[in-house]
Amino acid sequence: MKPQSIALFLFLTLCTAGVFAADKGLITGKVVEQIGGLAVPSAVIAIYESGAERPLSTTSADENGVFKFNALKYGTYKVRVSYVGFTSLTINEVTLTAQQPEKNLGTLKLASEQNNLNEVTITAEKPVIEFAADMITYNVDKSILAEGSTATDILKNVPMVQVDIDGNATIAGKRSTRIFIDGKPSDYMTSNISDLLNVLPSDAIEKIEVMTNPPARYSADGEGIINIVMKKGFKIGFNGNAGVTAGLQGNTNMNTNASYRSKNYSLTGSAAYRSNINKSSSHAYRENFDLVKDTTFYYDNYGNNKSNSNGANFRAGLDWDINPQQNLRVSSNFNTNSNNSRAGTDFNYLNEELALKRLRQQMSTADGASHNFVFNADYTLKSTEKGDKLSLGLTINRNASDNFRLLDRHEIFPANSKIKPSLRENTDDLANSGLTLNLDYDRPVFKKRDQLEAGIQFNQRNNDNGMLVRDFDFDTEQYLIAEKLSNQFQYHERILAGYTSYNYRGKGIGIKAGLRAELTDVNFDISTGSNYNIKPYLSLFPTLSINHFFNKRYNIGATYSVRINRPRENALNPQINDNDTLNISYGNPKLSPAYTHQMDISFGAFGEKWSFTPRLSYSSSRGVIERYREVNIINGTAYSESTYFNVGTNNIFGLILIGNYRPGKNLSTNANFTLSQSNYRSSMNTALNRKGLSLRSALGISMQLPLKTAFEANLNYANNVNAQGRAKGSITSSMAARKVFLKNRLNARVSVSDPFGRRNNTLFSEGINFKMQNYTNSNTSNLTLSLNYRFTKIKKVPPPPESK
């Protein structure tokens, strides 16, 4: 992006910050628990102007449960109070006048949800972003993109999350990130997570949780978890929405979701369809050093790709309160995707003088399809007296994919080349199945200020991947099986886990401590006759989180955890990918798991119009799994081979800064910045010993404009280091404006992605005898129009009475 473009973006951001008149009204109160009367620190309090749907302002209670709103205009307001684990409370008709400019709401008592199973919860408005020592929560419905978008679109705006050009989401500073949906791993649900996220409608998402230090209840795989929480139901009655989105690049998106809720049960369903057209160009330049002959030669390759993809997602769910103590929740998800692509590549072979020695062209056509089905069932039994809760869970998943690729290669230069053309068919069939069973128990111990949790989980996964490669024989005019490249890979994994944890929330302090144990049993077979039976191994994963809230506006927290990165089928499978014969790749069946110790220290400062949350992080990993590239020179041709290795150790120091500023009720800005230093050390190859800085940053603005119009803009930058090189800095940006009509039933949104230029990615890597640069350019610049209509039929339920 040009400096002038960045300056224009910042100028527009700053120009929106107007001057807002100060007023004299004041509303105060104190939030306590109904039983015991203990203060509820960090309770979320939102204030609304009369008739408004969006909050005028949001604040948090201090360590004594006290809150206040000042500089309010005289008028009538509504106040909503909420906190996790408690029934939300609404206070209506709070009036400020010149004669009575101050209003003390007194003591507001929140009842535990466990004791109010039949009470209708009125959900309080929350800020867009919520912070804790071990988690960041992004409330999706506060974003303009909440309707008519996909999970991928939303993730691009979540703090600490980066989405790459292929739609893969990662947490800044974490080498391995797992995507969960409703607390359950999505990689068990689909063979390609990005396909699922790209069609999952944002309308059905309640919030996104970024867990930098996941609790003991969750699987220990991955250094961090992004948990997508789906909406479970709405207000009593029938409601939902339907929308359509279309873009200039040819992308379309249609979605609808509906919910019916009665007193004891709710039914939800959603359907979405998405069609994308992707175009990209690439340039790969590699210097090859023949250390034996002391010569250098070059490969200069240019490629173009166009692909079309279509996907659909269907979800259905039942949430049934059998009685005040028992609940049954059942849901199912079906996802289907198809794609086709056509790519062309020119391979230029250059000699030491950079003169063209040989030119080879390759045409690649591909077709693929995948289907995924997931069934979830969760049963909960609660005790009304002691607050005990017992949960049983079952997840069954099936997914399959079929991919076909045709490669046509022939020599262009020199004209008298003796190298024969080649024609190859690759057929890749993949089938996955999984079963997860879990039993969880939790109960409070001391006056419901704490929680003791324990549970066991069993997970089984099976993967069957068959690769059939056939080469065309021009003499016999028949396709013959390439025995050395064809393969059948079968992977079986069983993990038995148990955990226990204790959470305590006292006056201004919160402590979470847990221990998880996992017994892993893995075996896999290769059609070549090789069988791998890994000896079952037991791993222990302690977690600790401490958070202290003090002086009414500050908190400090510290976390520690141990995580694991298990090698799975994609990294273990030795099937050879030689779509580019000069750059082949395959898995490594001899990989070992990698363990990471990670620690964070966080500090938070909160004002009436701002918040600032810096973090310091440190992680130390042993047996890091990363892709490693080697170049072998045979008869003057340099063949690059890349596979996965336990490359050694990696220590990462990180600084994370997250801030939010709200100069007025109609304007909110946010920014986050991550700087991390990686230090690789390898006993396998000293060439991997390197240090490097990674940088990620984001800037966002959200405005409420007159005439029921809203505006949102985001700017993101990323520059990352890896074991053999660096991904050069890339910039992405987006803007959107939304207007509502028909009493807030219809909203129209115009979105612009990457308006300042197409997205570029550059990757540098080097080894002992090569240097390589890969450059890609994609058609991410786009203008889209979205229309979304809400339909509702809500029963009127009187609000809870004002508590005093």
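Residues numbered from 1 in each chain as written. Predicted model: local features only at pLDDT ≥ 70, side-chain atom pairs only at ≥ 80, totals over all residues. Heavy atoms only, no water.

Draft legend 1. Inspection of the overall build of the chain at higher detail. A count of helices and strands for the chain gives four helices and 41 strands. With 804 residues in all, the chain has 46% of them scored as buried. Considering only contacts within the chain whose residues lie at least 6 apart along the sequence, 66% involve residues at least 24 apart. (Helix = DSSP H or I, 4+ residues; strand = E, 2+ residues; numbered from the N terminus. Buried < 20%, exposed > 50% of the residue type's maximum accessible area, 1.4 Å probe, protein only. Contact = heavy atoms within 4.5 Å.)

Draft legend 2. Inspection of the packing of aromatic side chains at higher detail. With the rule as written, the count across this model stands at 17 aromatic pairs. Seen in terms of ring centroids, Phe524 and Tyr532 are 4.8 Å apart; in terms of plane orientation they differ by 15°. Their pairing is stacked. Through a chain of ring-to-ring contacts, three or more aromatic side chains come together here, namely Phe489, Tyr491, Phe524 and Tyr532. Positioned above the aromatic ring of Tyr48, the side-chain terminus of Arg80 is 5.1 Å from the ring centre. Sitting above the plane of the Phe347 ring, Arg360 keeps its charged end 4.2 Å from the centroid. (Phe/Tyr/Trp six-rings, centres within 6.5 Å; stacked < 30°, edge-to-face > 60°. Lys NZ or Arg CZ within 6 Å of the ring centre and 35° of its normal.)

Draft legend 3. Looking closely at the pattern of salt bridges. Inspection of the entire model under this criterion finds 21 salt bridges. A salt bridge links Arg329 to Asp319, with the shortest nitrogen-to-oxygen separation between them at 3.0 Å. Remark: Asp319 occurs in strand β19 (residues 295-323) and Arg329 occurs in strand β20 (residues 326-350); sequence separation between them is ten residues. For Asp319, a relative accessible area of 11% puts it in the buried group. A salt bridge links Asp578 to Arg424; the nearest nitrogen and oxygen atoms lie 2.3 Å apart. (Salt bridge = Lys/Arg side-chain N within 4 Å of Asp/Glu carboxyl O.)

Draft legend 4. Examining the sheet that holds strand β8 (residues 129-131) more closely. Strand order across the open sheet formed by six strands is β8-β9-β14-β15-β12-β13, with mixed pairing between neighbours. The open sheet is flanked by β8 and β13 (184-185), the only strands paired with a single partner. (Pairing = 2+ DSSP bridges.)

Draft legend 5. Geometry of the sheet that holds strand β5 (residues 75-82). Here four strands make up an open sheet; going across it, the order is β3-β2-β5-β6 and the pairing antiparallel. The open sheet terminates on both sides in strands that have one partner only, identified here as β3 (57-60) and β6 (89-96). The average angle at which neighbouring strand axes cross in this sheet is 20°, direction not considered. Pairing geometry for β5 and β6, over six bridges, is antiparallel. Its bridge partner being in β6, Val79 is matched across the sheet by Ile91. (Axes fitted to C-alpha atoms, helices over the stretch in contact; angles between N-to-C directions.)

Draft legend 6. Local environment of the side chain of Arg629. Inspection of the secondary structure puts Arg629 in strand β32 (residues 610-634). Side chain to side chain, Arg629 and Ser640 meet in a polar contact 2.8 Å long. Those residues within four positions of Arg629 in sequence are excluded, and the remaining contacts are Asn583, Ser640, Glu641, Ser642, Gln724, Ser765, Phe770 and Met772. (Polar contact = N/O pair within 3.5 Å; in protein donor to acceptor, adjacent residues only side chain to side chain.)

Draft legend 7. Structural view of unusual backbone geometry. Pro414 follows Phe413 through a cis peptide bond whose omega is 0°. Tracing the chain through its elements places Pro414 in the loop between β22 (389-413) and β23 (422-443). In the Ramachandran plot, Glu93 falls in the positive-phi region, its phi being about 55° despite a non-glycine side chain. Look at Glu93 and you get exposed, because its relative accessible area is 65%. Despite not being glycine, Asn635 shows a phi value in the positive range, around 50°. Inspection of the secondary structure puts Asn635 in the loop between β32 and β33 (637-664).

Draft legend 8. Structural view of the pairing of strand β14 (residues 205-211). Extensive coverage of β14 is indicated by the burial of six of its seven residues. The pairing of strand β9 (residues 135-139) with β14 spans five bridges and is classified as antiparallel. Paired with Thr137 across the two strands is Glu209, which belongs to β14. In this sheet, strand β15 (residues 224-230) lies alongside β14 in antiparallel orientation, the contact comprising six bridges. Its bridge partner lying in β15, Glu209 is registered against Asn227.

Draft legend 9. Spatial organisation of the nonpolar core. In this structure, Leu155, Val161, Ile208, Ile226 and Ile228 are the most contacted members of the largest nonpolar core, which totals 28 residues. When residues no more than four places from it in sequence are discounted, the contact partners of Ile226 are Leu155, Val161, Ala169, Thr170, Ile171, Thr177, Arg178, Ile179, Phe180, Ile208 and Glu209. Judged by nonpolar contacts, the second largest core, of 22 residues, contains Leu56, Phe67, Phe69 and Val79. (Core = buried A, V, L, I, M, F, W, Y, C linked by side-chain atoms within 4.5 Å.)

Draft legend 10. How the structure looks around the environment of Tyr644. Structurally, Tyr644 is set in strand β33. Beyond its immediate chain neighbours, meaning those up to four positions away, Tyr644 contacts Asn570, Ala571, Tyr586, Asn588, Leu591, Ile625, Glu626 and Arg627. Engagement of the side chain of Tyr644 in a polar contact is seen with the side chain of Arg627, the distance being 3.1 Å.

Draft legend 11. Inspection of the pairing of strand β38 (residues 746-753) at higher detail. Where strand β37 (residues 725-741) and β38 come together, eight bridges link them in antiparallel fashion. Bridge pairing in β38 places Ser734 opposite Ser753. Between the antiparallel neighbours β37 and β38 lie four residues, among them Leu742 with a positive phi of about 50°.

Draft legend 12. Representation of the layout of surface pockets within the structure. In this model, the second largest pocket occupies a volume close to 330 Å³. Along the walls of the second largest pocket sit 19 residues, with Phe297, Tyr349, Lys357, Gly636 and Thr637 positioned nearest its centre. Of all the elements in the fold, those that place two or more residues in the lining of the second largest pocket are β19, β20 and β21 (356-382). Ranked by residue count, the leading element in the lining of the second largest pocket is β19, at five residues. Here the residues of the lining of the second largest pocket are counted per class, giving seven nonpolar, seven polar and five charged. (1 Å grid on protein atoms, 1.4 Å probe; cavity = no way out; pocket = protein on both sides within 12 Å on 5 of 7 lines; lining within 4 Å. Points joined across faces, edges and corners; volume = space filled by probe spheres on them. Nonpolar A, V, L, I, M, F, W, Y, C, P; charged D, E, K, R; others polar.)

Draft legend 13. Region of the structure containing the confidence of the model for the chain. For the chain, the average pLDDT comes to 84, and 89% of its residues sit at 70 or higher. Strand β25 (residues 478-481) holds the highest mean pLDDT among the elements of the chain, 95, whereas helix α1 (residues 3-15) holds the lowest, 43. Below pLDDT 50 for its whole length, residues 114-125 participates in 37 contacts with residues either more than four positions away or in separate chains. Counting interchain partners and residues more than four positions distant, the pLDDT-below-50 stretch residues 794-804 has 27 contacts. (pLDDT = per-residue confidence, 0-100.)

Draft legend 14. Quick peek at the side chain of Ser682. Among the structural elements, Ser682 can be located in the loop between β34 (667-681) and β35 (690-705). A distance of 2.6 Å separates a polar side-chain atom of Ser682 from the backbone oxygen of Val647.

Draft legend 15. How the structure looks around the environment of Val469. Relative to the assigned elements, Val469 resides in strand β24 (residues 450-473). Residue classification places Val469 among the buried residues on the basis of a relative accessible area of 2%. Each C-alpha atom, one on Val469 and one on Glu483, is 7.7 Å from the other, the two residues being 14 residues apart in sequence. Once residues lying within four places of it in the same chain are set aside, the contact partners of Val469 are Arg424, Glu425, Asn426, Leu480, Ile481, Ala482, Leu485 and Ser486.

Draft legend 16. Broad picture of the environment of Arg749. One can find Arg749 in strand β38. Residues Arg749 and Thr245, 504 residues apart in the sequence, show an inter-C-alpha distance of 9.0 Å. Side-chain polar atoms of Arg749 contact the side chain of Ser751, separated by 2.9 Å.

Draft legend 17. Geometry of a nonpolar patch on the surface. A contiguous nonpolar surface patch, about 690 Å² in accessible area, is contributed by Val244, Leu248, Met254, Tyr273, Val750, Leu783, Leu785 and Leu787. Among the elements that make up the nonpolar patch, the one with the highest residue count is strand β41 (residues 782-794) (three residues). Relative to the assigned elements, Leu248 resides in the loop between β16 (237-247) and β17 (252-261). Looking at Leu248, the relative accessible area reads 71%, which means it is exposed. (Patch = residues over 30% accessible without salt bridge, like charges linked within 9 Å, V, L, I, M, F, W, Y side chains within 5 Å. Areas by Shrake-Rupley, 256 points an atom, 1.4 Å probe, with all protein chains shown as cover.)

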